[in-house]
Amino acid sequence: MKCELCAYSVEACRIAARLGVDRVELCASPAEGGVTPSLATIEEACSIQGIDVSVMIRPRGGDFLYTEEEFRLMLRDIEHAHKAGATGVVFGILNADGTVDIERTRLLVKAAGGMETTFHRAVDMTVHYKQAIQDVILTGCTRILTSGGYDKAIDGIHNIKNAVSLSEGRIEIMAGSGVMADCVAQLVETGVDALHFSAKKMIMGGMSYRNPRISMGGTETVDEFALRTVDEEEVRKILFFVKEPSSKLEAVAEHNMAMDAAAKAKAEKEAKKAEKAA
């Protein structure tokens, strides 16, 4: 099974390579959910030895319904990524009715040439999830990144299982969104080909002076003086469960089952207390 880190900097790519992650999805602008990074960033990331680089091809944030001009930009960005040495590209295009834009996705796959192609979580925004999986298969993409149509992959695990079943080996299924070490065992059991995670950690920047009268992009939930980096310990935990023998995954699964049983017993005990009190 492969592991992919969602990387928003060259530094994150270097960390991923050092820790033994198989591949990075290279993006910019995490607040927008990831858009195409600069050419210089792509070139620098692709120069790192020992890791595959899949470049996000997304001209803007927002929805996945693109104009013809935006689509032309995506084609050019794929060309730039290829020349820079990327091993793959990541994209997703929908029609206004919430279906997969099969025709234009096929054109993106063709433009990628020998690079791997990932249809990202735009698939989770479709009107009919199962049909969307089938449609992406028709486009010739290498893999699908999905959370099963839910915000977190663990919540959409039933749909992820369905996607694996529908794929029948014709396309890789990669589970992503909210993937942490404590849910790896359950996701691995679905039969997915890969796991996608960010292992995000925020640290404060080095500015000692901060102008209180101006905001350059910060919000109530995003501190503009905080910098995004990688939680190396979390990555090690995920890799430990994915790369080590299955017995360790089984141990985690047993632990999770025990925790669920304990929580259930506690809830039943509290319910009985409430009944007596009533």
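Provided above is the structure to which this section pertains.
Residues numbered from 1 in each chain as written. Predicted model: local features only at pLDDT ≥ 70, side-chain atom pairs only at ≥ 80, totals over all residues. Heavy atoms only, no water.

**What about the overall build of the chain?**
If you tally the helices and strands in the chain, you get nine helices and 10 strands. Computed over the C-alpha atoms, the radius of gyration of the chain is 21 Å, within 12% of the 19 Å expected from 2.2 N^0.38 for a compact globule of 278 residues. In terms of overall dimensions, the chain has a C-alpha envelope of 70 × 55 × 40 Å along the principal axes. Burial analysis of the chain (278 residues in total) assigns 44% to the buried set. In the chain, once contacts between residues fewer than 6 apart in sequence are set aside, the share between residues at least 24 apart is 65%. Carbon and sulfur atoms form 52% of the exposed surface of the chain, whose accessible area is close to 14,600 Å². Charge separation in the chain, taken as the distance between the mean sites of 33 positive and 41 negative side-chain charges, equals 3 Å. (Helix = DSSP H or I, 4+ residues; strand = E, 2+ residues; numbered from the N terminus. Rg over C-alpha atoms; globule rule 2.2 N^0.38 Å. Buried < 20%, exposed > 50% of the residue type's maximum accessible area, 1.4 Å probe, protein only. Contact = heavy atoms within 4.5 Å. Areas by Shrake-Rupley, 256 points an atom, 1.4 Å probe, with all protein chains shown as cover. Lys, Arg positive; Asp, Glu negative; His and termini not counted. Charge placed at Lys NZ, Arg CZ, Asp CG, Glu CD.)

**Concerning the sheet that holds strand β4 (residues 88-91)**
Spatially, eight strands are ordered β1-β2-β3-β4-β5-β6-β7-β8 in a closed barrel, and the strand pairing comes out parallel. Going across the sheet, the axis of each strand differs from the next one's by a mean of 25°, ignoring polarity. Looking at chain direction, strand β7 (residues 172-176) and strand β8 (residues 194-197) are connected through three bridges and run parallel. Residue pairing for β8: Met174 is matched across the bridge by Ala194. Along the sheet, helix α1 (residues 10-19) contacts β1 (2-7) and β2 (23-26); its crossing angle with β1, the most-contacted strand, is approximately 160°. (Pairing = 2+ DSSP bridges. Axes fitted to C-alpha atoms, helices over the stretch in contact; angles between N-to-C directions.)

**Concerning the pattern of salt bridges**
Note on pairing: side chains with opposite charge can pair once their charged atoms come close. If you walk through the whole model with that rule in mind, you get 14 salt bridges. Between Asp63 and Arg60 there is a salt bridge, and its shortest N-O distance comes to 3.1 Å. Assessed through its relative accessible area of 46%, Asp63 is described here as partly exposed. For Arg60, a relative accessible area of 23% corresponds to the partly exposed category. The partner of Arg170 in a salt bridge is Glu168, and the shortest N-O contact between them spans 3.9 Å. Residues joined in a network through salt bridges with shared partners are Arg18, Glu232 and Arg236. (Salt bridge = Lys/Arg side-chain N within 4 Å of Asp/Glu carboxyl O.)

**Overview of the packing of aromatic side chains**
The way to describe two aromatic rings as a pair is by their centre distance and the angle between their planes. Per the stated rule, a full pass over the model turns up one aromatic pair. Taking 5.3 Å as the distance between ring centres and 70° as the angle between the ring planes, the aromatic pair formed by Phe240 and Phe241 counts as edge-to-face. For Phe240, a relative accessible area of 37% translates into the label partly exposed. Taking relative accessible area as the criterion, Phe241 reaches 16% and is therefore assigned buried. Above the plane of the ring of Phe71 lies Arg104, whose end atom (NZ or CZ) is 5.0 Å from the centre. (Phe/Tyr/Trp six-rings, centres within 6.5 Å; stacked < 30°, edge-to-face > 60°. Lys NZ or Arg CZ within 6 Å of the ring centre and 35° of its normal.)

**Some details on the nonpolar core**
The biggest cluster of nonpolar side chains holds 71 residues, and the ones touching the most others in it are Leu5, Phe91, Leu187 and Val235. In contact with Phe91, other than residues within four places in its own chain, are Ile57, Met74, Ile78, Thr105, Leu108, Val109, Thr117, Thr118, Phe119, His120 and Cys141. One finds Cys6, Tyr8, Cys27 and Val90 within the second-largest nonpolar core, a separate group that totals five residues. (Core = buried A, V, L, I, M, F, W, Y, C linked by side-chain atoms within 4.5 Å.)

**Here's the deal with the side chain of Ser177**
Position of Ser177 among the secondary structure elements: in the loop between β7 and α7 (184-188). A residue is classified by how much of its surface remains accessible, and Ser177, at 14% relative accessible area, is buried. With residues near it in sequence (within four places) discarded, Ser177 still touches Arg121, Ser147, Asp151, Lys152, Ala153 and His196.

**A few points about the environment of Ile15**
Assignment of secondary structure puts Ile15 in helix α1. With 10 residues separating them along the chain, Ile15 and Leu5 place their C-alpha atoms 9.8 Å apart. The residues touching Ile15, leaving out its near neighbours within four places in the chain, are Thr229, Val230 and Glu232.

**A closer look at the environment of Gly140**
Structurally, Gly140 can be placed in the loop between α5 (129-139) and β6 (143-146). Sequence-wise, Gly140 and Lys237 are 97 residues apart; in three dimensions their C-alpha atoms are separated by 33 Å.

**Re the pairing of β7**
The buried count for β7 comes to four of five residues, which makes it a mostly enclosed element. For β6 and β7, the ladder comprises four bridges, and the chain directions are parallel. Pairing of Ile144 across the sheet is with Ile173, part of β7. Where the polypeptide runs from β6 across helix α6 (residues 157-167) and back to β7, its parallel neighbour, the crossover connection is right-handed. (Right-handed = clockwise from strand over helix to strand, strands pointing away.)

**Remarks on the packing of helix α4 (residues 102-112) against α5**
Helix packing for two helices is described by the angle between their axes and how far apart those axes are. At a minimum axis distance of 8 Å, the contact between α4 and α5 shows a crossing angle of 40°. In terms of orientation, α4 lies oblique with respect to α5. Two packed elements cross with a definite hand, and for α4 against α5 that hand is right-handed. Counted together, Ile102, Thr105, Arg106 and Val109 of α4 and Asp135, Leu138 and Thr139 of α5 form the full contact between these two elements. Residues that form the contact of α4 with α5 fall into these classes: three nonpolar, two polar and two charged. (Parallel < 35°, antiparallel > 145°, perpendicular 65-115°, else oblique. Left-handed = near helix turned anticlockwise from the far one by under 90°. Nonpolar A, V, L, I, M, F, W, Y, C, P; charged D, E, K, R; others polar.)

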